[in-house]
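Next come the chains, spelled out residue by residue.
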Amino acid sequence: MSLESFVTVDVGNSRVHFGRFENFRIEEATPPVSTFSYPTSSTDIKGLRAWLSETPLPWFAVSVHRPALASLEAFSKIEHRVTSFQAFGYQQLPIEVGLAEPEKVGADRLAAAVAANSLREQGRPAVVVDAGTAITVDAVSAEGKFMGGAILPGMRTSAKALATQTDALPQIEIDVRDCPQAIGTNTTEAMQSGLFWGSVGAVQETIRRVSEQLGAENSPQIFFSGGDVNYLAPWMNLEIQTVDHLVLRGVALAAQQTKP
């Protein structure tokens, strides 16, 4: 079956992202024509209903949050503009997983790798960075196999950990639109500096190590996506390619292989 119009869903720990695809082209992994999201902890069904097109469409999802996925599946059964609802596990995602326990890999990581696999140059491996609540740095071999990777906390997750695991450090907001000075002149500025520049350094070094371990003849293509991509990517001393909605595009590619 070849679908042209449908909705894909990325159910994350912090937010649920929706993408509507129209005239989807597999060879280009074309982006969604419209997107919508809400915090996982406060489901915005009213906003979701307003975002939906009038045309009934099938939905396809990946999830790392089982209660939120169950809630969406229940919603799909009472909303007439959802013709079907399918959640993908690793078996339904069109990528070989070179790990002993593929069922334990986050489906969002695999979906992002599916999209990168489609976009990368033939014969070149890929490193896939998704920067959000967690920052994942994953490897795709030159043959197109998901090889695993690294998971580190995102900036806001680290900020929350500092506040909850210490007595004197406050809960701070991370405004990543304005990169902080390295030398903070008070506690808040010092935390902002450490969280921001620590993330930049950690991601860059992890990319370097993952690329080195791939050991391919050709250097890997590096794909960046996720909510914090536009803030971290400019500070990478690397040749990178930013791609919006990489997970949603990967789910869209998987949708093309579903049976009617």
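Our structure is the block above this text.
Since the model is a prediction, treat every value here as computed from it, not as a measurement. Starting from 1, residues in each chain are numbered consecutively following that chain's sequence as written. Under the rules for a predicted model, residues below a pLDDT of 70 receive no local features and side-chain atom pairs below 80 are neither given nor counted, while totals for whole chains, interfaces and linings still include all residues. Remark: hydrogens and water are excluded; side-chain values derive from all non-hydrogen atoms of the structure.

1. Things to note about the overall build of the protein
Spelled out, the test is: The helix and strand labels rest on DSSP assignments: H or I over at least four residues marks a helix, E over at least two residues marks a strand, and numbering proceeds from the N terminus. Throughout, the radius of gyration refers to the C-alpha atoms, and the reference size of a globule is 2.2 Å times the residue count to the power 0.38. Three exposure classes are used, based on accessible area relative to the maximum for each residue type with a 1.4 Å probe and protein chains only: buried under 20%, partly exposed in between, and exposed over 50%. Any two residues whose heavy atoms approach within 4.5 Å at even a single point are treated as in contact. Here, Shrake-Rupley sampling with a 1.4 Å probe gives the accessible areas, and only protein chains in the shown set may cover a residue. We treat Lys and Arg as the positive residues and Asp and Glu as the negative residues; His and chain ends play no part in the count. We put the charge of a Lys on NZ, of an Arg on CZ, of an Asp on CG and of a Glu on CD.
Scanning the protein from N- to C-terminus turns up seven helices and eleven strands. Taken over the C-alpha trace, the protein has a radius of gyration of 19 Å; the compact-globule value for 260 residues is 18 Å, and the two agree within 12%. When the backbone C-alpha atoms are referred to their principal axes, the protein occupies close to 60 × 50 × 30 Å. For the protein, with 260 residues in total, the buried portion stands at 47%. Considering only contacts within the protein whose residues lie at least 6 apart along the sequence, 58% involve residues at least 24 apart. Here the protein has roughly 13,200 Å² of accessible surface; of this, 47% comes from carbon and sulfur atoms. Separation of charge centres in the protein, based on 20 positive and 28 negative side chains, amounts to 5 Å.

2. Looking at the sheet that holds strand 7 (residues 126-131)
Inclusion rule: A pair of strands is labelled paired if DSSP reports no fewer than 2 bridges between them. Think of each axis as a best-fit line through the C-alpha atoms, taken over the contacting stretch in the case of a helix, with angles from 0 to 180 degrees between the N-to-C directions.
Strand order across the open sheet formed by six strands is 6-9-8-7-10-11, with mixed pairing between neighbours. The outermost strands of the open sheet, each flanked by one partner alone, are strand 6 (96-97) and strand 11 (241-242). Where strand 6 and strand 9 (residues 145-153) come together, two bridges link them in parallel fashion. Of the residues in strand 9, the one forming a bridge with Glu96 is Lys145. Sitting on the sheet, helix 3 (residues 107-119) is in contact with strand 6, strand 7, strand 8 (134-140), strand 9 and strand 10 (221-225), with an inclination near 125° to strand 9.

3. Some words on the sheet that holds strand 5 (residues 82-87)
Read across the sheet, five strands follow the order 3-2-1-4-5 without closing on themselves; strand pairing throughout is mixed. Every interior strand has two partners, whereas the edge strands, strand 3 (34-39) and strand 5, have only one. Each adjacent strand pair in this sheet contributes to an overall mean axis angle of 20°, direction not counted. Sheet topology note: the strand 1 (residues 6-11)/strand 2 (residues 15-21) ladder contains six bridges and is antiparallel. Residue pairing across strands places Asp10 opposite His17, the latter belonging to strand 2. The strands touched by helix 7 (residues 246-255) are strand 1, strand 2 and strand 4 (57-63); relative to strand 1, the strand with the most contacts, the crossing angle is about 130°.

4. As for the environment of Ser211
Here Ser211 is to be found in helix 5 (residues 187-214). A relative accessible area of 19% means that Ser211 is categorised as buried. Counting along the chain gives 103 residues from Ser211 to Asp108, while the straight-line C-alpha distance between them is 21 Å.

5. Structural notes on the packing of helix 3 against helix 7
Note the cut-off: Convention used here: angles under 35 degrees read as roughly parallel, angles over 145 as roughly antiparallel, angles from 65 to 115 as roughly perpendicular, and any remaining angle as oblique. The residue classification treats Ala, Val, Leu, Ile, Met, Phe, Trp, Tyr, Cys and Pro as nonpolar and Asp, Glu, Lys and Arg as charged. All others, Gly included, are polar.
It is at 7 Å that the axes of helix 3 and helix 7 come closest, and there the two elements cross at 80°. One finds that helix 3 runs roughly perpendicular with respect to helix 7. Between helix 3 and helix 7, the contacting residues are Asp108, Ala111, Ala112, Val114, Ala115, Ala116, Ser118 and Leu119 on the first element and Leu246, Val247, Arg249, Gly250, Val251 and Leu253 on the second. When its residues are assigned to classes, the contact of helix 3 with helix 7 shows ten nonpolar, two polar and two charged.

6. Notes on the environment of Val114
Mapping Val114 onto the fold places it in helix 3. A residue is classified by how much of its surface remains accessible, and Val114, at 4% relative accessible area, is buried. Residues Val114 and Lys104 lie ten residues apart in sequence; the distance between their C-alpha atoms is 17 Å. When near neighbours in sequence (up to four residues on either side) are disregarded, Val114 contacts Leu93, Pro94, Ile95, Gly250 and Leu253.

7. Some remarks on the nonpolar core
Our working definition: Joining through side-chain atoms within 4.5 Å is the link that ties buried Ala, Val, Leu, Ile, Met, Phe, Trp, Tyr and Cys residues into a set, and such a set is a nonpolar core.
In terms of nonpolar packing, the biggest core is built from 34 residues, with Phe6, Val62 and Leu93 touching the most fellow members. Looking at this core, the elements that each hand over two or more residues are strand 4, helix 3, strand 7 and helix 7. The contacts of Phe6, once residues within four sequence positions are left out, are Gly19, Arg20, Phe21, Phe24, Leu57, Pro58, Phe60, Ala252, Ala255 and Gln256. Counting 24 residues, the second largest nonpolar core, distinct from the first, contains Val127, Val210, Val229 and Leu232.

8. A few points about the environment of Ala233
Take Ala233: it is sitting in the loop between helix 6 (229-232) and strand 11. Residue classification places Ala233 among the buried residues on the basis of a relative accessible area of 9%. A C-alpha to C-alpha distance of 9.8 Å links Ala233 and Phe223, two positions ten residues apart in sequence. Discounting residues that sit within four places of it in the chain, Ala233 has contacts with Phe224, Ile240 and Thr242.

9. Comments concerning helix 7
Of all ten residues that make up helix 7, ten are buried, and the element is covered over most of its length. Where helix 7 is buried, its residues contact strand 1, strand 2, strand 4, helix 3, strand 7 and strand 10.

By themselves, these observations are geometric and do not establish any function.
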